[in-house]
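Fold and contact review
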Amino acid sequence: MLSELNKSDIGLLTFQCNICSTINRVPVNSLNRETPSCSKCASTVRMRGMIHALSVALYQKSLPINEFPLSSEIRGIGMSDWDTYANALANRVSYVNTYYHKEPKLDITDIKDRDESTLDFILTTDVFEHVLAPCSRAFENSYKLLKPGGHLVMSVPYSLENEDNQEHFSDLHDFKIVEKNNRRVLINETSTGNIQEYDNLIFHGGEGDTLEMRLFSEAGLIKNLKDAGFIDIQIMKEPCFEHGVYWRHSWSLPLIARKSKLG
Ligand SMILES: [Zn+2]
């Protein structure tokens, strides 16, 4: 076991990456949600925070992936998860990474072909801000796919300031994104036939459509989860120094939400 902080090196943190198990020593103030900080796998605090949250959800303690008990009984899916942790998870439990644009496909807003109540966990990091409105479908369908007692482990960017989520395109119906004067513009025909044009688009990195559809608020996100039926919603604010999970801010943190054992 590692000591939490090596007191002789103030400001330096020794941690074990919970994704590749490498021991790292880094300045604490270099740890950031989106900055690679594992010298071997380049995991970020967000990626390690997701695995920390998953481990707490499944095993009530924080384990590196290679110490997850081997079990084909535990079933989970990811949504365009980072390959490095997706591959490591698939070696320990029955886990399948899914994609919006390629096989194995999953559109979480439309799960009509999927068996419900089959999953012990769903991992989804920074995806739900991109799904088509209403985003409530993504939460409801996640709930349906989980077994009773199963866990949604998720993150999205969210604000602490707003009461409600802010939908950027609330009337999206038949839309496309086109280039116009070297800028990407969204043109939408609403369900009543009105044409709208938006040019202040925010794209996030990644494959395919990564247009930001909304900015969640913490309160709006919790409401989405509760409305879908989730209980025991736990925002993972506490650090896990042992695994290099330390948040210098209190927004956009991973969270765990549970489906009741009663289903
Ligand atoms: Zn690593």
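Worth saying up front: this structure is predicted, and the values here are computed from it rather than measured.

Focus on the overall build of the chain
Within the chain, the secondary structure is distributed over four helices and 14 strands. On C-alpha atoms alone, the chain measures out to a radius of gyration of 19 Å, which is about the 18 Å that the 2.2 N^0.38 rule sets for 263 residues. Principal-axis analysis of the C-alpha atoms gives the chain an extent of 65 × 45 × 35 Å. Counting only residues that meet the buried cut, the chain has 49% of its 263 residues in that class. Long-range pairs, those at least 24 residues apart, make up 61% of the contacts in the chain between residues at least 6 apart in sequence. For the chain, the accessible area works out to roughly 13200 Å², and carbon and sulfur atoms hold 47% of it.

Brief notes about the side chain of Arg214
Tracing the sequence through the fold places Arg214 in strand β12 (residues 214-217). Within the structure, the side chain of Arg214 is placed 2.7 Å from the backbone oxygen of Phe128, a separation counted as a polar contact. Setting aside its immediate chain neighbours within four residues, Arg214 contacts Phe128, Glu129, His130, Val131, Leu132, Ala133, Cys135, Gln166, Glu167 and His168.

Focus: the domain arrangement of the chain
Considered domain by domain, the chain is made up of domain 1 (12-162 + 212-251) and domain 2 (173-204). When each unit is reduced to the centre of its C-alpha atoms, the spacing between domain 1 and domain 2 is 30 Å.

A few points about the sheet that holds strand β10 (residues 183-189)
Backbone hydrogen bonds are what pair the strands of a sheet, in a parallel or an antiparallel way. Pairing in this open sheet of three strands is antiparallel, and the strands run β9-β10-β11 from one edge to the other. Edge strands, defined here as strands with exactly one partner in the open sheet, are β9 (174-180) and β11 (195-198). Across the sheet, the axes of successive neighbouring strands diverge by a mean angle of 25°, strand direction being ignored.

Cut-offs and rules
Residues numbered from 1 in each chain as written. Predicted model: local features only at pLDDT ≥ 70, side-chain atom pairs only at ≥ 80, totals over all residues. Heavy atoms only, no water. Helix = DSSP H or I, 4+ residues; strand = E, 2+ residues; numbered from the N terminus. Rg over C-alpha atoms; globule rule 2.2 N^0.38 Å. Buried < 20%, exposed > 50% of the residue type's maximum accessible area, 1.4 Å probe, protein only. Contact = heavy atoms within 4.5 Å. Areas by Shrake-Rupley, 256 points an atom, 1.4 Å probe, with all protein chains shown as cover. Polar contact = N/O pair within 3.5 Å; in protein donor to acceptor, adjacent residues only side chain to side chain. Domains from an automatic or database assignment. Pairing = 2+ DSSP bridges. Axes fitted to C-alpha atoms, helices over the stretch in contact; angles between N-to-C directions.

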